[in-house]
Amino acid sequence: MNIQVKFFAQLKEKLGCGELTLSFPSESVTVSEVKSALSSKGSVWQKSLADGHVLMAVNHDLVVESFSVEDGDEVAFFPPVTGG
Amino acid sequence: MVVVQEADFDLAVEYQKLTENNAQDGAVVTFIGRVRDFNQGQGVTGLTLEHYPGMTEKALKGIEQKAKERWPINRVTIIHRVGSLKICDQIVFVGISSPHRESAFAATEFIMDYLKNDAPFWKKETTKQGCHWVEAQQKDKDALKKW
């Protein structure tokens, strides 16, 4: 299965990446597994995503790490929000 | 109504939308957030607002819905600007009409508190020393405890 992954704000700057596609052999993975796959891309990725403050969303809803991701889903990682 | 836009907004126009042909609501509360010149210890000259298109609108609509389930409010307008802003520019507008003021005041504060925590906007401030991302504050997180 393939998923789209997006990054925003300081996380996007640190990673030098706003968006990428990830492929997994299984039909479903958890957000935590998505994080692990991204972390294997290098130490900056590992360190940036290990930050406990990083928020996660699937298909535009905030989720926790155990949330299940399926083919075609859009996953996003971003720092705590500062609007308003 | 939820709007995310680069353009500025006009309080008088928004007040008109909340009140025209609306005889049932005796209370209208509006809130406007602006860019201030000093934040987190540094002089600010401007800021850029990044957001997550699609999720931003969905998050704000969800917050509006939660407020409507909780209080007898009728018309709700949430406008949030994105892009480059200068000092004193307007950033965010929340306007609510309701038969009574208690609901309108409470729902306005509720929407701002949740917007500050759940809507994917990020501020990058420009100062004389350069640019930096604004840090999220614990007090904004703590504000949710009262709801």
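Everything numeric here is computed off the predicted structure, so don't read it as measured data.

Whenever I open this one, the pairing of strand 1 (residues 2–7) of chain A confuses me. Can you help?
Here is the key point about a regular strand: its side chains alternate between the two faces of the sheet. Residues and elements named next belong to chain A. Here strand 1 runs beside strand 2 (residues 19–23); their pairing, made up of 5 bridges, is antiparallel. From the neighbouring strand, Asn2 faces strand 2, where its bridge partner is Ser23. Sheet analysis places strand 1 next to strand 7 (residues 74–78), joined by 4 bridges and oriented parallel. By the bridge assignment, Lys6 is partnered in strand 7 with Ala76.

Just checking my understanding: could you explain unusual backbone geometry for this structure?
What is expected of a backbone is that most residues other than glycine have negative phi and most peptide bonds are trans. Even without being glycine, Ala9(A) reaches a positive phi, approximately 55 degrees. As for its position among the elements, Ala9(A) is in helix 1 (residues 9–15). By relative accessible area, Ala9(A) is classed as buried at 0%. The phi dihedral of Asn21(B) falls on the positive side, at around 50 degrees, and the residue is not glycine. Locating Asn21(B) in the fold gives a position in the loop between helix 1 (11–19) and strand 2 (27–34).

I tried to follow the sheet that holds strand 1 of chain A on my own but got confused; where do I start?
Strand pairing in a sheet relies on backbone hydrogen bonds, with the paired strands running either antiparallel or parallel. Residues and elements named next belong to chain A. If you trace the 5 strands from one edge of the open sheet to the other, you get 2-1-7-4-5, paired in mixed fashion. Lying at the two open borders of the sheet, with one neighbouring strand each, are strand 2 and strand 5 (61–63). Between one strand axis and the next, the sheet turns by 30 degrees as a mean value, whatever way the strands run. Across the sheet, helix 2 (residues 31–39) touches strand 1, strand 2, strand 4 (55–58), strand 5 and strand 7, and the angle it forms with strand 7 is around 70 degrees.

Before we go on, may I ask you to explain the pairing of strand 4 (residues 42–51) of chain B in this structure?
Residues and elements named next belong to chain B. Examined bridge by bridge, strand 3 (residues 38–39) and strand 4 share 2 bridges and lie antiparallel to one another. Across the sheet, the residue bridging to Phe38 is Gly43, located in strand 4. The turn joining strand 3 and strand 4, which pair antiparallel and follow one another in sequence, is formed by 2 residues; a positive phi near 45 degrees is taken by Gln40. Where strand 4 and strand 8 (residues 121–127) come together, 7 bridges link them in antiparallel fashion. Residue pairing in the sheet places Val44 in a bridge with Thr127 of strand 8.

What is the right way to look at the side chain of Thr127(B) in this model?
Residue and element names in this part refer to chain B. Considering the arrangement of structural elements, one finds Thr127 in strand 8. At 3.1 Å, the side chain of Thr127 forms a polar contact with the backbone nitrogen of Gln129. With residues near it in sequence (within four places) discarded, Thr127 still touches Gln42, Gly43, Val44, Thr45 and His132.

Is there a simple way to think about the packing of aromatic side chains in this case?
The geometry of an aromatic ring pair comes down to the distance between the two centres and the angle between the two planes. Enumeration over the complete set of coordinates arrives at 12 aromatic pairs over all chains. Ring geometry for Phe7(A) against Phe77(A): centres 6.1 Å apart, planes inclined by 20 degrees, an arrangement best described as stacked. Of the two residues, Phe7(A) sits in strand 1 while Phe77(A) sits in strand 7, which places them 70 residues apart along the sequence. For the residue pair Phe7(A) and Phe77(A), the accessibility class agrees, reading buried in each case. Measuring from centroid to centroid gives 5.1 Å for Trp71(B) and Phe110(B), while their planes differ by 75 degrees, and the two rings are edge-to-face. On the criterion of sequence distance, the pair formed by Trp71(B) in the loop between helix 2 (55–70) and strand 5 (75–81) and Phe110(B) in helix 3 (residues 101–118) is long-range, its members being 39 residues apart. The exposure class assigned to Trp71(B) is buried, which follows from its relative accessible area of 14%. Phe110(B) gets classed as buried once you look at its relative accessible area, which sits at 2%. One aromatic cluster in this structure is built from Phe8(A), Phe78(A), Tyr52(B) and Trp122(B). In this arrangement the basic side chain of Lys41(A) is found over the ring face of Trp45(A), its NZ or CZ atom lying 4.9 Å from the centre.

Definitions and limits used
Residues numbered from 1 in each chain as written. Chains lettered and ligands numbered in written order. Predicted model: local features only at pLDDT ≥ 70, side-chain atom pairs only at ≥ 80, totals over all residues. Heavy atoms only, no water. Pairing = 2+ DSSP bridges. Helix = DSSP H or I, 4+ residues; strand = E, 2+ residues; numbered from the N terminus. Buried < 20%, exposed > 50% of the residue type's maximum accessible area, 1.4 Å probe, protein only. Axes fitted to C-alpha atoms, helices over the stretch in contact; angles between N-to-C directions. Contact = heavy atoms within 4.5 Å. Polar contact = N/O pair within 3.5 Å; in protein donor to acceptor, adjacent residues only side chain to side chain. Phe/Tyr/Trp six-rings, centres within 6.5 Å; stacked < 30°, edge-to-face > 60°. Lys NZ or Arg CZ within 6 Å of the ring centre and 35° of its normal.

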